[in-house]
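Here are the chains, one letter per residue:
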Amino acid sequence: MRLTAEVRIDAQELARKLRSDALWLHAAQEWHRLYEPYVPRNTGRLYADVRISPGQIEHMAPYAAYVYGGSFPANSGGAASRAWDRAAEPTQKPKLIAAIQAYVDSGGLKLGG
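Per chain, the residues get numbers from 1 upward, laid out in the order the sequence is written. For this predicted model, a pLDDT threshold of at least 70 governs which residues receive local features, and a threshold of 80 or more governs which side-chain atom pairs are given and counted, while totals over whole chains, interfaces and linings are taken from all residues. Side-chain measures were taken over the full set of non-hydrogen atoms in the model, leaving aside hydrogen atoms and water.

1. Things to note about the nonpolar core
- We define the nonpolar core as a collection of buried residues of types Ala, Val, Leu, Ile, Met, Phe, Trp, Tyr and Cys that are connected through side-chain atoms lying within 4.5 Å of one another. For each residue, the accessible area found with a 1.4 Å probe, counting protein chains only, is set against the maximum for its type, and the residue is called buried under 20%, exposed over 50%, and partly exposed in between. Ranked by size, the top nonpolar core spans 13 residues in total, and within it Trp 31, Tyr 35, Val 39, Leu 46, Trp 84 and Ala 88 carry the most contacts.
- Counting residues per element, the ones that place at least two in this core are helix H2 (21-34), helix H3 (45-48), helix H4 (64-68) and helix H5 (84-105).
- No other element matches H5, which puts three residues into this core.
- Beyond its immediate sequence surroundings of up to four residues, Val 39 is in contact with Leu 46, Tyr 47, Ser 76, Ala 80 and Trp 84. What counts as a helix is a DSSP run of H or I of at least four residues, what counts as a strand is a run of E of at least two, and both are numbered from the N terminus. Any two residues whose heavy atoms approach within 4.5 Å are treated as being in contact.

As structure tokens, then:
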């Protein structure tokens, strides 16, 4: 017995949904959560004081760029690193991809309609 199924994909609609603000806001929120252990910490302001928008995370603390460049106290936490987003990539990027896939799988993009 042979079963066949016809699948129709509207490529333009799929591309539009992949550019959706909801998807990229979710991705930015997840990435911020995942790289948290890599953000140098003294008071916690650097990690907490952020503006998150679709596909973008902006650390608002006035010293954020200075710390990102590598100037922070040695007692900033175990995984704390300059360029914390890049430092997190080897271990956290697969988790981000899985979180985005789970978002799609749960119907976040509304691919069925």
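2. With respect to the packing of H2 against H5
- Angles here are taken between N-to-C directions and fall from 0 to 180 degrees, while the axes themselves are lines fitted to C-alpha atoms, restricted in helices to the stretch in contact. The contact between H2 and H5 brings their axes to 9 Å, and the two run at 140°. Taken together, the axes of H2 and H5 are oblique relative to one another. Classified by chirality, the crossing of H5 by H2 is right-handed. Here Ala 22, Leu 23, His 26, Ala 27, Glu 30, Trp 31 and Leu 34 of H2 come into contact with H5, specifically with Asp 85, Ala 88, Glu 89, Gln 92, Lys 93, Lys 95, Leu 96, Ala 99, Ile 100 and Tyr 103.
- Classifying every residue of the contact of H2 with H5 gives 10 nonpolar, two polar and five charged. Note on angle classes: values under 35 degrees are labelled roughly parallel, values over 145 roughly antiparallel, values of 65 to 115 roughly perpendicular, and the remainder oblique. By definition, any crossing whose near helix is turned counterclockwise from its far helix by less than a right angle is left-handed, and any crossing with a clockwise turn is right-handed. Only Asp, Glu, Lys and Arg are considered charged in this grouping, and only Ala, Val, Leu, Ile, Met, Phe, Trp, Tyr, Cys and Pro are considered nonpolar; every other residue, Gly among them, is considered polar.

3. A short note on the side chain of His 26
- Looking at where His 26 falls in the secondary structure, it is placed in helix H2.
- In this structure His 26 comes out as buried when scored by relative accessible area, which is 18%.
- Once residues lying within four places of it in the same chain are set aside, the contact partners of His 26 are Ala 99 and Tyr 103.

4. Some details on the pattern of salt bridges
- Salt bridges, as used here, are contacts in which a Lys or Arg side-chain nitrogen is within 4 Å of a carboxyl oxygen on Asp or Glu. This model, assessed by the stated rule, comprises three salt bridges.
- We note a salt bridge from Glu 30 to Arg 33, for which the minimum N-O separation is 2.8 Å. Here Glu 30 pairs with Arg 33, and both are found in helix H2, just three residues apart, close to one helical turn.
- Residue Arg 33 is classed as partly exposed on the basis of its relative accessible area of 48%.
- Asp 49 is paired through a salt bridge with Arg 45; the nearest N and O atoms lie 3.4 Å apart.

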